[in-house]
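# Structure at a glance
Chain by chain, the residues run as shown.
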Amino acid sequence: MPSPTSTADPALSAAVRRLRTERGLTIEALATSAGVSINTISQLERAKAEPGWMTVRRVAEALGISLAELGEAVEREGRAKP
């Protein structure tokens, strides 16, 4: 049986990773602050899973930014990749 292809957004993954590292947070610290598992953050940052709406909201909150600011970061990442 073939493995399912990921529909995760690589720009979201890159934006979350960049924002996390800019804030000096570990994956564990971000996961704890967002109230999600370490595996969830790891998969999100590697574009291995598409996060649900509440996960995205919690991650943005844990990063100290609004959803609009996260969206802008995702757009910047998307434009940076050819």
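Whatever comes next refers back to the structure up there.
These numbers come from a predicted model, not from an experiment. (Residues numbered from 1 in each chain as written. Predicted model: local features only at pLDDT ≥ 70, side-chain atom pairs only at ≥ 80, totals over all residues. Heavy atoms only, no water.)

### Concerning the nonpolar core
Grouped together as the largest cluster of nonpolar side chains are 20 residues, with contacts concentrated most on Val16, Leu30, Val59 and Leu70. Among the elements of the structure, α1 (10-22), α2 (27-34), α3 (38-45), α4 (53-63) and α5 (67-80) are those that each provide at least two residues to this core. Those residues within four positions of Val16 in sequence are excluded, and the remaining contacts are Leu30, Leu44, Glu45, Val59 and Leu70. (Core = buried A, V, L, I, M, F, W, Y, C linked by side-chain atoms within 4.5 Å. Buried < 20%, exposed > 50% of the residue type's maximum accessible area, 1.4 Å probe, protein only. Helix = DSSP H or I, 4+ residues; strand = E, 2+ residues; numbered from the N terminus. Contact = heavy atoms within 4.5 Å.)

### Side note on the pattern of salt bridges
One pass over the full model with this rule turns up five salt bridges. Residue Arg18 pairs with Glu77 through a salt bridge whose shortest N-O separation is 2.7 Å. Residue Arg18 is located in helix α1, and its partner Glu77 is located in helix α5; the two are separated by 59 residues in the primary sequence. We classify Arg18 as partly exposed; its relative accessible area is 25%. Classification of Glu77 as buried rests on a relative accessible area of 11%. Where Glu22 meets Arg23, a salt bridge forms, and the shortest distance between an N and an O atom there is 4.0 Å. Owing to a relative accessible area of 35%, Arg23 belongs among the partly exposed residues under this scheme. Among the charged side chains, a salt-bridge network with shared partners connects Arg18, Glu22, Arg23 and Glu77. (Salt bridge = Lys/Arg side-chain N within 4 Å of Asp/Glu carboxyl O.)

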